[in-house]
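# Coordinate analysis (summary)
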Amino acid sequence: MSPQSWFTQTAARLRTANPYAVDAALAALVLFAVSLQWLFPDEGDDRLTWQGWLLGAATAVPLVWRRRAPFTTAWVVSAATPAMAVYHAPPPDVMYGGLVVLYTMAARGLPWQRRVMLAGWAIGATVTMQHKEDARPFEYAFHLLCIACAYALGRLARVQRAYTAELEDRARRVERERAADTARAIAQERAGIARDMHDILAHAVSLMVVQAEAGPVVVRSDPERAEASFDAIAAAGRDAMAQLRRILGVLKEEQGNGTSPQPGVAALPRLLQQVGESAGLRVELHTTGRPHPLPADAEVAAYRVVQEALTNTVKHAYAASCATVELDWTEDLLTLTVTDDGQGPAAPGGGHGLIGIRERAAACGGSAEAGRGPDGGFRVVVRLPAAADRQAALG
């Protein structure tokens, strides 16, 4: 294991360890360092007394509470360190406890507490050195440098902790936003699937009901027409099953299953032919302007809007014999108009079909209107923006 990896793992363990146990071990280490002068005394006039050792212990033992009461701990150690030096039994060669409390105050203290401690220790070290016999100039520089380094390391730890907290907070915000986006996407996808299934089933069932009601009427008088009605029922059912299978394939995320793409504007002639043959309704298609490609969702929306509008004509338009689908193309807009000559409700309140039409148009940045036509009957008008005007419409 490389030294860098060992250091990283050790730092990670210390961050996750019990803080009181770490502080107690740190206090014991400082006490051991202070006691070295008694364990290995140098020859000289320094008096090695128990009173001096107790003052040295007073610079180490309070470190156990350095996180619970950092400022109080700093004051106790700050008072014990010069007392030990003045008592001169012996004076501290290195301010071990002072370096720890300076680091702690720089990392955890309030701004005014940090400034007071830094200034106090710098001045106190300089004054205390005046009481030391044979103090050399480099000793002043050594103590002041130790004070500056301990304070700088504490500030660095404070900045690193704040930076880590900011990164963690940002990661949590990103995760919440991602979860919210996912929930919105799921809700939109569910709404889209519900609209598709409603349109497919309502269209197919409506055609099947019309043919099923017509079949028994002509089964004796016109067997061929009755057979055609049953064929139309089967064709509508097969088409609905194929479209439902395509939707379920998308839900299961089947890759390479050969499902066909969603129908678009190009599939409208076949839809109109199917409705005309199955429901006995004359359906006309009129196109003005120059057709051009639409966004994928607008293509599907155009097809489903026409499908739902014709389904409503078959189901709800009384005595309707003809329906007209108009496509008005401009450079940035497709206007779809579906009109019938029946006698539908004068003021439609909504229903799933019309609500679905409005939702499809709004999802593409367009709009939808429904109501009586100028010449009677019922009319649905949907405007779908092209890609160039899409962003402005959605905004």
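Quick note: structure is the one above.
About the criteria used
Residues numbered from 1 in each chain as written. Predicted model: local features only at pLDDT ≥ 70, side-chain atom pairs only at ≥ 80, totals over all residues. Heavy atoms only, no water. Helix = DSSP H or I, 4+ residues; strand = E, 2+ residues; numbered from the N terminus. Buried < 20%, exposed > 50% of the residue type's maximum accessible area, 1.4 Å probe, protein only. Contact = heavy atoms within 4.5 Å. Salt bridge = Lys/Arg side-chain N within 4 Å of Asp/Glu carboxyl O. Expected span 1.5 Å × (residues − 1). Core = buried A, V, L, I, M, F, W, Y, C linked by side-chain atoms within 4.5 Å. Pairing = 2+ DSSP bridges. Polar contact = N/O pair within 3.5 Å; in protein donor to acceptor, adjacent residues only side chain to side chain. Axes fitted to C-alpha atoms, helices over the stretch in contact; angles between N-to-C directions. Parallel < 35°, antiparallel > 145°, perpendicular 65-115°, else oblique. Left-handed = near helix turned anticlockwise from the far one by under 90°. Nonpolar A, V, L, I, M, F, W, Y, C, P; charged D, E, K, R; others polar.

Check the secondary structure of the chain and you find 12 helices and 5 strands. The burial tally for the chain puts 37% of its 395 residues in the buried class. The long-range fraction of contacts in the chain, counting pairs at least 24 apart against all pairs at least 6 apart in sequence, stands at 70%.

Following the criterion strictly, the structure yields 9 salt bridges and no others. Taking the shortest distance from any N to any O, the salt bridge between Arg170 and Glu166 comes out at 3.9 Å. Separated by 4 residues within a single helix, Arg170 and Glu166 lie in helix α7 (residues 137-218), roughly one turn from each other. Taking the relative accessible area as the measure of exposure, Arg170 reaches 44% and is therefore partly exposed. For Glu166, a relative accessible area of 36% corresponds to the partly exposed category. Residue Glu369 is joined to Arg383 by a salt bridge in which the shortest nitrogen-to-oxygen separation is 3.5 Å. In this pair, Glu369 sits in strand β4 (residues 367-372) while Arg383 sits in strand β5 (residues 378-385), placing the two residues 14 residues apart along the sequence. With relative accessibility at 45%, the residue Glu369 sits in the partly exposed group. Via salt bridges that share partners, Glu166, Asp169, Arg170, Arg172 and Arg173 belong to a single interconnected network.

Quick look at helix α10 (residues 296-316) now. Between the first and last C-alpha of α10 there are 30 Å, a value that for 21 residues agrees with the 30 Å anticipated at 1.5 Å per step. Most of α10 is tucked away, with 17 of its 21 residues classed as buried.

Right, let's talk about the nonpolar core for a bit. Judged by nonpolar contacts, the single largest core of 32 residues is most densely connected at Val306, Leu310 and Leu336. Mapped onto this core, the elements with two or more residues apiece are α9 (268-279), α10, β2 (322-329), β3 (333-340), α11 (351-363) and β5. Residues contacting Val306, with those up to four places away along its chain left out, are Leu268, Leu271, Leu272, Val325, Leu336 and Val338. The next biggest cluster of nonpolar side chains, apart from the first, holds 19 residues, and it includes Val34, Leu63, Val77 and Val100.

The next point concerns the pairing of β5. Within a regular strand, the side chains alternate between the two sheet faces. Where burial is concerned, most of β5 is hidden: 6 out of the 8 residues are buried. Pairing of β3 with β5, which is carried by 7 bridges, proceeds in the antiparallel orientation. In the strand pairing of β5, Leu336 is matched with Val382. Across 6 bridges, the pairing between β4 and β5 is antiparallel. Bridge assignment links Glu369 to a residue of β5, and that residue is Val381. The hairpin turn running from β4 into β5, its antiparallel successor, is 5 residues long, and Gly376 in that turn takes a positive phi close to 95°.

As a further point, take the side chain of Thr73. The residue Thr73 is located in helix α4 (residues 70-87) in this model. Residue Thr73 is classed as buried on the basis of its relative accessible area of 5%. Among the polar contacts made by the side chain of Thr73, one reaches the main-chain carbonyl oxygen of Ala69 at a distance of 2.8 Å.

Counting buried positions over the 8 residues of β2 gives 6, a clear majority of the element. Relative to β3, β2 is paired through 7 bridges, and the arrangement is antiparallel. Bridging across to β3, Glu326 finds its partner in Thr337. Hairpin geometry of β2 and β3 is characterised by an intervening segment of 3 residues between the two adjacent antiparallel strands.

One way to put it is that α9 packs onto α10 with a least axis distance of 10 Å and a crossing angle of 15°. Here α10 runs roughly parallel to α9, going by the angle between their axes. Of the two elements, α9 crosses α10, and the hand of that crossing is right-handed. Contacts from Leu268, Leu271, Leu272, Val275 and Ala279 in α9 reach Ala302, Tyr303, Val306, Gln307, Leu310 and Val314 in α10. For the contact of α9 with α10, a count of residues per class yields 10 nonpolar, 1 polar and no charged.

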